[in-house]
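Commentary on secondary and tertiary structure
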Amino acid sequence: MSERSYFTPVAGLPPQQALLTDRAVITEAYTIIPRGVLRDIVTSYFPHWRGTRAWVLSRPIAGFATTFSQSIVEIEPGGGSERPEPATYVECVLFVMAGELRLTLDNDEHTLAPGGYAYVAPATRWSVANAGNAPASFHWIRKAYQPADGISVPECFVTSDHDVEPVPMPDTDGAWATTRFVDSDDLRHDMHVNIVTFQPGGSIPFAETHVMEHGLYVLEGKAVYRLNQDWVEVEAGDYMWLRAFCPQACYAGGPGPFRYLLYKDVNRVPTMPVPGAPAPA
């Protein structure tokens, strides 16, 4: 299996001589947060976390994407949290990009290196700490779990990008593959967080238009991405946030693989408004 890399924010601040021009954009259909704007001045701090800061990339916003939040969390050595999640009904995925993260799920302890992946079920007692001597950086993707009648709640699990083989998409000869950490037909799960890989020249050869919301963080490589009616260049460290039904496609630019961490909501019948109540915004 080829060596893999995971881009983390550079932080700091640009020099005073830097131009203000950048690729950040917000539209009604999508948002792009380029890596160049993930600086110290835009970090957030969370209650009950020690030695920790975070770049909040997305959160539910009425009229846009509403199902999830996604943050890049950076923990200094000795930092962490015994009370990371304030809501018992929330599930989450942790994906480690740098350093070592010690994760405790109930009474089971795990150490996650770069590429480490954990699914934390709702109502789980868990904690995290930096287990190394350098900052630990990871994605924290959160969603309010949507129960389904007769379907059990999934269990927590821990795995790694290095332990799950990418599955080529049909008729692509391996140019487009998906690392699936959860089986697509496992209806216990109402969200998927996968890794999508394109070899140089690989593409999504049609404008995908679907009900799933997306958060896409580019782990490595570069591409030209179709978002709604626009073609935009993206590279490692960029984040794309797509509302439902935003058309999307891409061409991988090379010279190496183009890989991104992908969130999507799945496996649930769309919620309908209560008769007589106002329609959702």
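Preceding this section is the structure that the text describes.
**Details of the overall build of the protein chain**
In terms of helices and strands, the protein chain carries zero helices and 21 strands. Relative to its length of 281 residues, the protein chain is compact, with a C-alpha radius of gyration of 19 Å against a globular reference of 19 Å. Taking the principal axes of its C-alpha atoms as reference, the protein chain extends roughly 55 × 45 × 40 Å. A burial count over the protein chain gives 47% of its 281 residues as buried.

**A few points about the sheet that holds strand β15 (residues 203-208)**
Across a sheet, paired strands are connected by hydrogen bonds in the backbone, their directions being either parallel or antiparallel. Spatial strand order, β15-β20-β17-β18: four strands in an open sheet with antiparallel pairing. At either margin of the open sheet sits one strand with a lone partner, and together these are β15 and β18 (230-235). Going across the sheet, the axis of each strand differs from the next one's by a mean of 20°, ignoring polarity. Bridge count for strand β17 (residues 222-227) against strand β20 (residues 248-252) is five bridges, and the pairing is antiparallel. The residue of β20 that forms the bridge with Arg226 is Ala249.

**Some thoughts on a nonpolar patch on the surface**
A surface patch of nonpolar side chains, about 320 Å² in accessible area, is lined by Leu13, Ile41 and Val42. By the element assignment, Ile41 lies in the loop between β2 (30-33) and β3 (50-58). For Ile41, a relative accessible area of 68% gives the class exposed.

**Structural notes on the sheet that holds strand β1 (residues 25-26)**
If you trace the eight strands from one edge of the open sheet to the other, you get β1-β2-β19-β16-β21-β14-β13-β12, paired in antiparallel fashion. Because the sheet does not close on itself, it has two edges, and the strands there are β1 and β12 (167-168). Looking at chain direction, β2 and strand β19 (residues 239-242) are connected through four bridges and run antiparallel. Each residue of the ladder has a partner; that of Thr31, found in β19, is Trp241.

**Overview of the pattern of salt bridges**
Under the defined criterion, the tally for this structure stands at 12 salt bridges. Note that Arg259 and Asp161 form a salt bridge whose closest N and O atoms lie 3.2 Å from each other. Placement of the pair is Arg259 in strand β21 (residues 258-265) and Asp161 in the loop between β11 (157-160) and β12, with a sequence separation of 98 residues. For the salt bridge of Glu220 with Arg259, the shortest nitrogen-to-oxygen distance reads 3.8 Å. Residue Glu220 is located in strand β16 (residues 214-220), and its partner Arg259 is located in strand β21; the two are separated by 39 residues in the primary sequence. What makes Arg259 buried here is its relative accessible area of 3%. Ionic contacts of the salt-bridge type, sharing partners, join the residues Arg4, Asp161, Glu220 and Arg259 into one network.

Here is what the cut-offs are and how they apply
Residues numbered from 1 in each chain as written. Predicted model: local features only at pLDDT ≥ 70, side-chain atom pairs only at ≥ 80, totals over all residues. Heavy atoms only, no water. Helix = DSSP H or I, 4+ residues; strand = E, 2+ residues; numbered from the N terminus. Rg over C-alpha atoms; globule rule 2.2 N^0.38 Å. Buried < 20%, exposed > 50% of the residue type's maximum accessible area, 1.4 Å probe, protein only. Pairing = 2+ DSSP bridges. Axes fitted to C-alpha atoms, helices over the stretch in contact; angles between N-to-C directions. Patch = residues over 30% accessible without salt bridge, like charges linked within 9 Å, V, L, I, M, F, W, Y side chains within 5 Å. Areas by Shrake-Rupley, 256 points an atom, 1.4 Å probe, with all protein chains shown as cover. Salt bridge = Lys/Arg side-chain N within 4 Å of Asp/Glu carboxyl O.

In short, shape yes, function no, at least from these values alone.
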